[in-house]
Amino acid sequence: MKAFIFSGLNSLLKSQDRTRFLNLPSVQECFSSAEKVLAEKFDVTVSFDDLAHGQREKIYSLENLNLTTSLIVSLQVGIARSLIDLGVKPQWVTSISLGDVARTVISGAVDFREAISISNVQDQEKAGLNRCGESVAVLCGPSRFFSADDIQQMESLGVGASQISPRLLNVAGDFSAMKLFRELAAEKSWRVIYLMDYPF
């Protein structure tokens, strides 16, 4: 069974994830198409190649929120189209968060250019969004792993926990919930590594 899984806004945290597929013709086609949509409908001029090679802090800044969503959608759709051109046909297509946009395009529900248009957030909708919450990585000690009870206890505080490995989680939530989580992490001697503030 083959499945395409489209990830969310955290897709570009690592520089290698931003640049490793830029040379694919299908990715460049999506970049060109998205750049034209942004220029024609939003009067925005951008080079997604340049943005992808930029610093993480710039990419994930609030003022670049629209550009980053369009960059991620363009990369995901371009990579998926490249795989399809190579004969990789998915039986399942699924996604999380922002990945829903690429999923709807690859599933044929929405045209790519339209998806770029509707995934852009107007300025008035962004007001105050950078004060919403944060995302962190959480590591437990080398001699143990996170249990279902650990995760349930975290989620009871109002945070979301995604298990990356038995010893590694991605935890996110609004600032009030994350304050409670950090207190729990200190009590449990978990190592918390700050990743980013969430713009939404």
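A quick note: this is a predicted structure, and the numbers were derived from the prediction, not measured.

Cut-offs and rules
Residues numbered from 1 in each chain as written. Predicted model: local features only at pLDDT ≥ 70, side-chain atom pairs only at ≥ 80, totals over all residues. Heavy atoms only, no water. Phe/Tyr/Trp six-rings, centres within 6.5 Å; stacked < 30°, edge-to-face > 60°. Buried < 20%, exposed > 50% of the residue type's maximum accessible area, 1.4 Å probe, protein only. Helix = DSSP H or I, 4+ residues; strand = E, 2+ residues; numbered from the N terminus. Expected span 1.5 Å × (residues − 1). Arc of directions from axis to C-beta. Contact = heavy atoms within 4.5 Å. Axes fitted to C-alpha atoms, helices over the stretch in contact; angles between N-to-C directions. Left-handed = near helix turned anticlockwise from the far one by under 90°. Nonpolar A, V, L, I, M, F, W, Y, C, P; charged D, E, K, R; others polar. Salt bridge = Lys/Arg side-chain N within 4 Å of Asp/Glu carboxyl O.

1. Digging into the packing of aromatic side chains
Aromatic rings considered in pairs are described by the distance between their centres and by the relative angle of their planes.
Item 1. All told, the structure shown has four aromatic pairs when counted by the stated rule.
Item 2. Ring centres of Phe 4 and Phe 6 lie 6.4 Å apart, and the angle between their planes is 85°; this geometry places the pair in the edge-to-face category.
Item 3. Taking relative accessible area as the criterion, Phe 4 reaches 7% and is therefore assigned buried.
Item 4. Residues Phe 31 and Phe 48 carry aromatic rings whose centres are separated by 5.5 Å and whose planes lie at 45° to one another, so their mutual orientation is tilted. Linking Phe 31 in helix α2 (residues 25-42) with Phe 48 in helix α3 (residues 48-52), this pair joins segments that are 17 residues apart in sequence.
Item 5. Relative accessible area serves as the criterion here: at 1%, Phe 31 is assigned to the buried category.
Item 6. Taken together, Phe 146, Phe 181 and Trp 190 form an aromatic cluster joined through their ring pairs.

2. A look at helix α5 (residues 65-85)
Item 1. The terminal C-alpha atoms of α5, which comprises 21 residues, lie 30 Å apart, in line with the 30 Å expected from a rise of 1.5 Å per residue.
Item 2. Most of α5 sits out of view: 16 of its 21 residues are buried.
Item 3. Following α5 by one or two positions, Gly 87 has its phi on the positive side, about 100°.

3. Observations regarding helix α10 (residues 175-188)
Item 1. In this model α10 runs 20 Å from its N-terminal to its C-terminal C-alpha over 14 residues, within 8% of the 20 Å that 1.5 Å per residue would give.
Item 2. All buried positions along α10 are accounted for by Ala 177, Met 178, Phe 181, Leu 184 and Ala 185. The buried residues of α10 occupy one face: seen down the axis, they fall within an arc of 115°. Opposite the buried face of α10, by more than 90 degrees, sit the exposed residues Ser 176, Lys 179, Ala 186 and Glu 187.
Item 3. Positive phi shows up at Ser 189, right after α10, with a value of about 65°.

4. Overview of the side chain of Ser 82
Item 1. Locating Ser 82 in the fold gives a position in helix α5.
Item 2. Discounting residues that sit within four places of it in the chain, Ser 82 has contacts with Leu 24 and Ser 26.

5. Brief notes about the packing of α5 against helix α6 (residues 99-106)
Item 1. Interhelical geometry of α5 versus α6 gives an angle of 35° and a closest axis separation of 9 Å. The chirality of how α5 crosses α6 is right-handed. Taking contact as the criterion, the partners of Val 73, Gln 76, Val 77, Ala 80, Arg 81 and Ile 84 in α5 are, on α6, Gly 99, Val 101, Ala 102, Val 105 and Ile 106.
Item 2. A per-class count over the contact of α5 with α6 returns eight nonpolar, two polar and one charged.

6. Comments concerning the pattern of salt bridges
Item 1. Throughout the structure, instances matching the rule amount to five salt bridges.
Item 2. For Arg 113, the salt bridge goes to Glu 40, with nearest N and O atoms at 3.0 Å. With a gap of 73 residues between them, Arg 113 in helix α7 (residues 112-118) and Glu 40 in helix α2 connect regions that are remote in the sequence.
Item 3. Here Glu 40 falls in the exposed class, since its relative accessible area comes to 56%.
Item 4. Residue Lys 179 is joined to Glu 183 by a salt bridge in which the shortest nitrogen-to-oxygen separation is 3.1 Å. In this pair, Lys 179 and Glu 183 both sit in helix α10, four residues apart, roughly one turn of the helix.
Item 5. Note on Lys 179: relative accessible area 53%, which makes it exposed.

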